[in-house]
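# Breakdown of the fold
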Amino acid sequence: MEHRIYRENIRVRHREADRNGRLKLLSWFDFLQEAAANHAARLGVGLNALTERDQLWVLSRLKLEIRRSPQIGEELTVETYPSGVNRLFFTREFQVFDKSGEVIARASSAWLLLSAAKLRPLRPDQLPCPLPDNSDLPVHFRLDEKLPGDDALAEEFSVPVRFSMEDVNGHLNNAEYAGLVQDYVMWKTGEEPCFRTVELAFLSAVRAPASLHIAGAVDGNRLFVQGRNDEGALSFTARALFQS
């Protein structure tokens, strides 16, 4: 099948970097989901194809390993491909290369196909067309382990969800959650985080003008963060390791 692997060239823009010129965590997630969306369109399962069938993709889980943070102006290549189906979850892999061809990041993700009207998961055979068989290609991380919330953690601050933070599905964009994780570390420790791995689980959508109520804990080089909606239900959970 054509297009079974997709590569997209990008350049780190000023607004995508932090005060030290390094790529923000939000921008990492933005690059990955943009490549995934563009590849899905080429495979016939993108936004337009699903909209015609009253369907949509939602990201359920993503684990990112960062080996090196690129700087403003750096040219990168994002490589992505679907890697199979696990029950109702469609899995997808990523690698990010620098200009020399070195792998500077890897990620694995799990996605759900939903009914747009009822927001309920659909069976894999309800996809408009089959995905390529990439069983010969590597899976970077297994995402079978649950990432539960911690009821013992008390809210530390809340974040209003603004219209500009929503995506095409009308919900808080996935990358914005990653930005909240980075913000939490700065708020908690006063130090700019340098992540080695970050894993997010997306549990329930929020949209403007709701708020996310944030809690977490930092233990040495380990981080846990969670966000609840205004009704107290978990919206996301995240864990991370910092560079030593």
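Residues numbered from 1 in each chain as written. Predicted model: local features only at pLDDT ≥ 70, side-chain atom pairs only at ≥ 80, totals over all residues. Heavy atoms only, no water.

The helix and strand tally for the protein stands at three helices and ten strands. Taken over the C-alpha atoms alone, the protein extends approximately 50 × 45 × 30 Å along its principal axes. Taking all 244 residues of the protein together, the buried fraction comes to 50%. Sequence-distant contacts, at least 24 apart, represent 71% of the contacts inside the protein between residues at least 6 apart. Looking at charge distribution, the protein has the averaged site of its 30 positive side-chain charges lying 2 Å from that of its 34 negative ones. (Helix = DSSP H or I, 4+ residues; strand = E, 2+ residues; numbered from the N terminus. Buried < 20%, exposed > 50% of the residue type's maximum accessible area, 1.4 Å probe, protein only. Contact = heavy atoms within 4.5 Å. Lys, Arg positive; Asp, Glu negative; His and termini not counted. Charge placed at Lys NZ, Arg CZ, Asp CG, Glu CD.)

Once that is clear, we can look at the packing of aromatic side chains. Using the criterion set out here, one finds seven aromatic pairs in the structure. Each ring, one from Trp57 and one from Phe90, has its centre 5.0 Å from the other, and the planes form 85°; the classification is edge-to-face. You can see Trp57 sitting in strand S2 (residues 55-66) and its partner Phe90 sitting in strand S4 (residues 89-97), a full 33 residues away along the chain. Note on accessibility: Trp57 and Phe90 belong to one class, buried. (Phe/Tyr/Trp six-rings, centres within 6.5 Å; stacked < 30°, edge-to-face > 60°.)

Within the structure shown, the criterion is met by 17 salt bridges. Lys99 is the salt-bridge partner of Glu75, the closest N and O atoms lying 3.8 Å from each other. In this pair, Glu75 is assigned in strand S3 (residues 75-86) and Lys99 in the loop between S4 and strand S5 (103-115), connecting sequence segments 24 residues apart. For Lys99, a relative accessible area of 70% translates into the label exposed. As a salt-bridge pair, Arg123 and Asp125 come within 3.2 Å of each other at their nearest N and O atoms. Asp125 sits in the exposed class, given a relative accessible area of 57%. Here the salt bridges do not stand alone but share partners, grouping Arg61, Glu145, Glu199 and Arg239 into one network. (Salt bridge = Lys/Arg side-chain N within 4 Å of Asp/Glu carboxyl O.)

The buried fraction of strand S7 (residues 195-202) amounts to seven of the eight residues, a majority that puts the element mostly inside the structure. Summarising the sheet, S2 and S7 pair through five bridges and their orientation is antiparallel. If you follow Glu65 over to S7, its bridge partner there is Thr197. Here S7 pairs with strand S10 (residues 234-242) via seven bridges, running antiparallel. Each bridged residue has a counterpart across the sheet, and for Val198 the counterpart in S10 is Ala240. (Pairing = 2+ DSSP bridges.)

Counting 56 residues, the largest nonpolar core has Leu25, Trp28, Phe29, Leu64 and Phe195 as its most contacted members. Among the elements that make up this core, the one with the highest residue count is helix H1 (residues 25-42) (eight residues). Apart from residues lying up to four places away in sequence, Phe29 is in contact with Leu62, Leu64, Ala175, Ala178, Val198 and Leu200. (Core = buried A, V, L, I, M, F, W, Y, C linked by side-chain atoms within 4.5 Å.)

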